[in-house]
Amino acid sequence: MKEIELRFRLNGEEQRLTVPSNVTLLHVIREHFGLMGTKEGCGEGECGACTVLMDGRPVTSCIILAEEADRHDIMTVEGLMKDGKLNRLQQAFLDEGAVQCGYCIPGMLMSAQGLLNENPHPTSQEIRKGIEGNICRCTGYNRIVNAIHKASQDEGDS
Amino acid sequence: MSQKNHIGESVTHIDAWDKVTGSAVYCGDMSFLHQLYGAVYRSPFSHAKIITIDLAEVWKTPGVKAVVTGEDFPRLYGQYVVDQPFLAFGKVRFKGEPVVAIAADTPESAAEAVKKVHAVFEELPAVLDVYEAVAEGAPLVHDDWSKYSVADFIRPEPGTNICDHFQLSKGDMDAGFREADVIDEGEFSTPMIQHVTIETHCAIAQCLNDGTVNVWSPCQSPFAMRDQLAAALKLPLRKVRVIASSIGGAFGGKNEMRVEPIVIALAMKVPGKHVKLVFTREEEFLSSVVRGESSVKVKLGAKNDGTLTAVKVETYLDTGAYATTGPRVNFIAGFASSGPYVVPNIKVDGYCVSTTRQIGSSFRGFGVSEIAWAYESQMDCLAKRLKMDPLDLRMKNAVEDGSISATGERLFSVSAKQCLQAVADAIDWKNRDPVITPEGKIRTKGIATFMKPTGTPSNSSAVVRLNDDGTVNVMIGGMEMGQSMTTVIAQMVAHELGISMDSVEMTPVDTEYCPFEKHSSASRLTFHIGNAAVRAAKDVMEQLRRLAAIAWNVDPRAIKAGRGELTGPGGQSVTLPELRKASILRDQDPVIGKGAYSTSDIYVPLDPVTRQSARPMIYWMWGAQAVEIEVDPETGKIQVLKVAAAHDVGRAINPVACYQQIEGAVSMGVGHALIEEMIFDGGDILNANMVDYKVPTIADIPLETQVILIENGHPEGPYGAKGIGEPGIIPTVPAIGNALCEAIGERIHRLPMKPEKVLEALKKRSEHCHAPTI
Ligand code: FES
Ligand code: FES
């Protein structure tokens, strides 16, 4: 397999690495950088568990080749905390009881973060649309919507 | 003193912080230095003899370190019927069954090597349907039940594919039907469905030369797994260690060993090495476990005023190639078959049937979902025949305190009617005439109820280790899988010891040092571990009382012990948060509280034929749901507008956790009602992926779910609490079916109620419910 050289920002840090050209971004995140927060649920772009941000927008990292991340800015769930504190979405997920088994949660948070990046004060309809690609088998979703709504109303950065 | 109550408070889940930061460790996130990766060659046939397996090319693949077949390792395991091989030997019994396992340096080499397996099979006739399976002369999936060790509640029928025949009888069924003014019957079925936990099955095993077997796995019931493994491998229990990881969803699907036998068989070939295997989503559908197909025939007899006189139920549950928990599902379904109604004459025949299909096992609801779909649909049919309001018919027959159950128990702590009334009020049942919206859609309401037992008898234990700063480490053997059980147990311990939630650390489950737990299933942990944990906490207080007596030089009986507080006769006092100051701990034995709870003494063994018993179950779960739906007659699409769900939780230790369980179960129920099914062509699954097997997204769930917690304290529960993990899923499906029948005047008898079926039903819209004349 052809090896390729990549350069990208990962959670704010410049990274360089050489990988086979057929590996996915998810693989690189988990296996090369050991960032295990990003999960694989289906490997085919259907469940959203592997969602990360690329230049601030949510992408399903299981169906994106690492190559496509070259010279882009990638953020995973590990990048959400600032100065040892939860960001407002993470805090709202705790406060609203939006977390059960937790397996979908990193992907869900990244979709939500992507949505808020683009639309800081989404309507409930827009929130629902924003997480339509993220499957949660545990919660019934409404608490997740409430959490995103709450986070979007909190002031502060993030 | 710092007396926070904790009981009844919606404390944030203690593991939620790890989960929102991505630091919770699931099995797939673990790795060991120089670990090997497993891959599996699977049966291409539903049913076939294995003639030869040629591995020469496999060994030539670079990186291959271990290869194992069933012939190399002819061991069987099973929770209730010991019938399942680690890897198939002799023959294969379903398409996708593991036949050869390979471990290699990289996942890629292992996958490459799988392609090099050359196996020759001789195909046998497949058995792909329960009715075919029980027909005269059907090919046998298992030749001889008597060759297997079988748990004593199971009744296999020799020479057939019936792995268990459950029977229950009460009164005189024939006489009951003779007394009836109206008899109504129908058959209801459900397709094969899958749990679709977002985390697929995964395990890592390491076997040492001294016989030790270490397994890391997201298993629901680590001790049940340890016990099965030790029996299969002929090892003492102390040599098998199951280390549980965080679980990314289970719902019954991680109650069985699936990946574990494969990685253990491989790890035995390479002592010392860790072997890891994560199922792909396709493997998950193919060879984890499923909820097998079901067919339920229900016949109801009633007087003209609605009083039920007789119920007959005949159930066929497809347990697939291996029994796993199938017979137990059959047993629990059998117990709940006549619903939460007073019925003097009952006969139930439940058949757990082997086929050459995916393995049917536990699924949230444990058979009661399938049963309730049938009897609650049939109750509405009966109401129609009697021209009665479906709610009135249910209220007229519903059990209450003092009623005698189908199995002869005088019921107590019953809230069937309370739940029905609560949801009827919440959905405004009085105004339930169908409404046509301006867009031409039909809006209707439906209602359903159920009763479900928990597993009985069973046992739990807990250890509370006191640290000298007044904090505790709590060890239990039951698993957190998103239901917030560990939070609830921590709340109970904090309450008993008068300490803050921050002072309680729940120890990750490891069979090497945690105390025994029977199963994390049947919605039983809050009740059973709760009782054990409260006892363990009280034991800590007792031990402290003795230590205080020594320190204060007084008679221990003169010391009053309250929640986390001791008061001596001379005004001395100590609280746990200030334990150090009190200096009652010196160099004495450590304070380790232990508590055990078993229902063996409460349980009264069943009559082997009629299954009557004065106390067959430690508790029953009660609940009801009412729904409002909108049906589009143009497209056949059903939108669930509202679900009102009332469930008796006994006592809500953590109300938000109760809401979460019910809300999540309702949305899963909506999936089962409307969209979920595994689709087959013969033995081939046509939708073994998440593109084609749809589970509810946010677009599919009810627009509103209103949960009503009924707190009808159970006298034997910790603070009155019972379980709530499963029941929310049970009434959702029949309530939607009943609302649909109101809307289109036709009943769909097989799930899911997909648009094409709704359109077809609309087309035929003849009579409402089929019923024989008497
Ligand atoms: S793992 Fe990427 S979408 Fe499911
Ligand atoms: S919390 Fe379990 S899948 Fe979402």
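Because the structure is a prediction, the values reported are computed rather than measured.

**Q** I'd like a description of the interface of chain B and chain A, backed by residues and values.
**A** The partner chain A presents 40 residues to the 47 residues of chain B that form the contact. When chain B packs against chain A, the two sides together hide about 3,600 Å² of surface, and 58% of this comes from carbon and sulfur. The largest contributions to the chain B side of the interface with chain A come from Val-20, Ile-198 and Ile-698 of chain B, which together make up 22% of the buried area. Among the ionic pairs, Arg-30 of chain A bridges to Asp-29 of chain B, the shortest N-O distance being 2.8 Å. Linking chain B to chain A there are 18 residue pairs in polar contact (both at pLDDT 80 or more). Counting only elements with at least two residues in the side of chain B that touches chain A, the list comes to α1 (16-21) and α16 (655-674) of chain B.

**Q** Go over the domain arrangement of chain B, please, and point to the residues and values.
**A** The accessible area lost on association of the parts is a frequent measure of interface size. All names here are of chain B. For chain B, the domain assignment lists domain 1 (16-23 + 458-598), domain 2 (31-124 + 201-278), domain 3 (127-192 + 289-398) and domain 4 (410-452 + 618-774). Spacing between the C-alpha centres of domain 1 and domain 4 amounts to 39 Å. Taken together, the contacts link 19 residues of domain 1 with 20 residues of domain 4. In total, about 1,300 Å² of surface goes out of reach between domain 1 and domain 4, with carbon and sulfur atoms giving 59% of it. Between the two partners, domain 1 and domain 4, sit six residue pairs in polar contact (both at pLDDT 80 or more). Those elements giving two or more residues to the side of domain 1 that touches domain 4 turn out to be α13 (485-497) and α14 (525-552). Residues belonging to the side of domain 1 that touches domain 4 are distributed by class as follows: six nonpolar, 11 polar and two charged.

**Q** Summarise the sheet that holds strand β1 (residues 36-42) of chain B; cite the residues concerned and give the values.
**A** Residue and element names in this part refer to chain B. Strand order in the open sheet formed by seven strands is β3-β7-β1-β14-β11-β12-β13, and the pairing between neighbours is mixed. Edge positions in the sheet fall to β3 (64-69) and β13 (240-244), since each of these pairs with one other strand and no more. Ignoring which end each strand starts from, the neighbouring axes of this sheet average 25° apart. Examined bridge by bridge, strand β11 (residues 202-207) and strand β14 (residues 274-278) share five bridges and lie antiparallel to one another. Within β14, the position partnered with Ala-205 by the bridge is Val-275. Each of β1, β3 and β7 (98-104) is contacted by helix α3 (residues 107-114), which is oriented at about 20° to β1, the strand it contacts most. Along the sheet face, helix α6 (residues 222-233) touches β12 (213-217) and β13 and points at about 150° away from the line of β13.

**Q** Summarise the environment of Ser-288 of chain B; cite the residues concerned and give the values.
**A** Residue and element names in this part refer to chain B. Looking at the secondary structure, you find Ser-288 in the loop between α8 (281-287) and β15 (294-302). Measuring from C-alpha to C-alpha, the distance between Ser-288 and Ala-582 comes to 55 Å, with 294 residues separating the pair along the chain. Apart from residues no more than four positions distant in its own chain, Ser-288 is found in contact with Gln-194, His-201, Arg-258, Phe-279, Glu-283 and Ile-359. A distance of 2.9 Å separates polar atoms of two side chains, one belonging to Ser-288 and the other to Gln-194.

**Q** Run through the packing of α13 of chain B against α14 of chain B, naming residues and quoting values.
**A** Residues and elements named next belong to chain B. Where α13 contacts α14, the axes come no closer than 9 Å and their chain directions differ by 30°. When the axes of α13 and α14 are compared, the pair comes out roughly parallel. As for the relative orientation of α13 and α14, their crossing is right-handed in sense. Touching Met-485, Val-488, Ile-489, Met-492, Val-493, Glu-496 and Leu-497 of α13 are Leu-525, Thr-526, Ile-529, Gly-530, Ala-533, Val-534, Ala-537, Lys-538, Val-540 and Met-541, all from α14.

**Q** Explain the nonpolar core residue by residue, including any values.
**A** Counting 146 residues, the largest nonpolar core has Phe-93 and Ile-148 of chain A together with Leu-740 and Met-753 of chain B as its most contacted members. Considering each element in turn, this core owes the most residues, 10 residues, to helix α10 (residues 368-386) of chain B. Ignoring any residue separated from it by four or fewer positions in sequence, one finds Ile-148 of chain A in contact with Leu-89, Phe-93, Ala-112, Leu-115, Leu-116, Ile-127 and Ile-131 of chain A. Formed by 49 residues, the second largest nonpolar core is a distinct cluster that contains Val-11, Phe-527, Ala-536 and Leu-566 of chain B.

**Q** Please give an account of the pairing of β15 of chain B that cites residues and values.
**A** All names here are of chain B. Counting buried positions over the nine residues of β15 gives seven, a clear majority of the element. Relative to β15, strand β10 (residues 182-190) runs antiparallel, the two being bridged by nine bridges. Looking at β15, one finds that Ser-189 is bridged to Ser-295. Summarising the sheet, β15 and strand β16 (residues 308-320) pair through nine bridges and their orientation is antiparallel.

**Q** Mind laying out the sheet that holds strand β8 (residues 118-123) of chain B, listing which residues take part and the relevant values?
**A** Residue and element names in this part refer to chain B. Across the sheet, which stays open at both edges, the three strands sit in the order β6-β2-β8 with antiparallel pairing between neighbours. The open sheet has two free edges, formed respectively by β6 (91-92) and β8, since each of these has just one partner strand. As paired strands, strand β2 (residues 48-54) and β8 are joined by six bridges and run antiparallel to one another. The partner of Ala-48 across the bridge, within β8, is Glu-123.

What counts and what doesn't
Residues numbered from 1 in each chain as written. Chains lettered and ligands numbered in written order. Predicted model: local features only at pLDDT ≥ 70, side-chain atom pairs only at ≥ 80, totals over all residues. Heavy atoms only, no water. Contact = heavy atoms within 4.5 Å. Buried area = accessible area lost by both parts, 1.4 Å probe. Salt bridge = Lys/Arg side-chain N within 4 Å of Asp/Glu carboxyl O. Polar contact = N/O pair within 3.5 Å; in protein donor to acceptor, adjacent residues only side chain to side chain. Helix = DSSP H or I, 4+ residues; strand = E, 2+ residues; numbered from the N terminus. Domains from an automatic or database assignment. Nonpolar A, V, L, I, M, F, W, Y, C, P; charged D, E, K, R; others polar. Pairing = 2+ DSSP bridges. Axes fitted to C-alpha atoms, helices over the stretch in contact; angles between N-to-C directions. Parallel < 35°, antiparallel > 145°, perpendicular 65-115°, else oblique. Left-handed = near helix turned anticlockwise from the far one by under 90°. Core = buried A, V, L, I, M, F, W, Y, C linked by side-chain atoms within 4.5 Å. Buried < 20%, exposed > 50% of the residue type's maximum accessible area, 1.4 Å probe, protein only.

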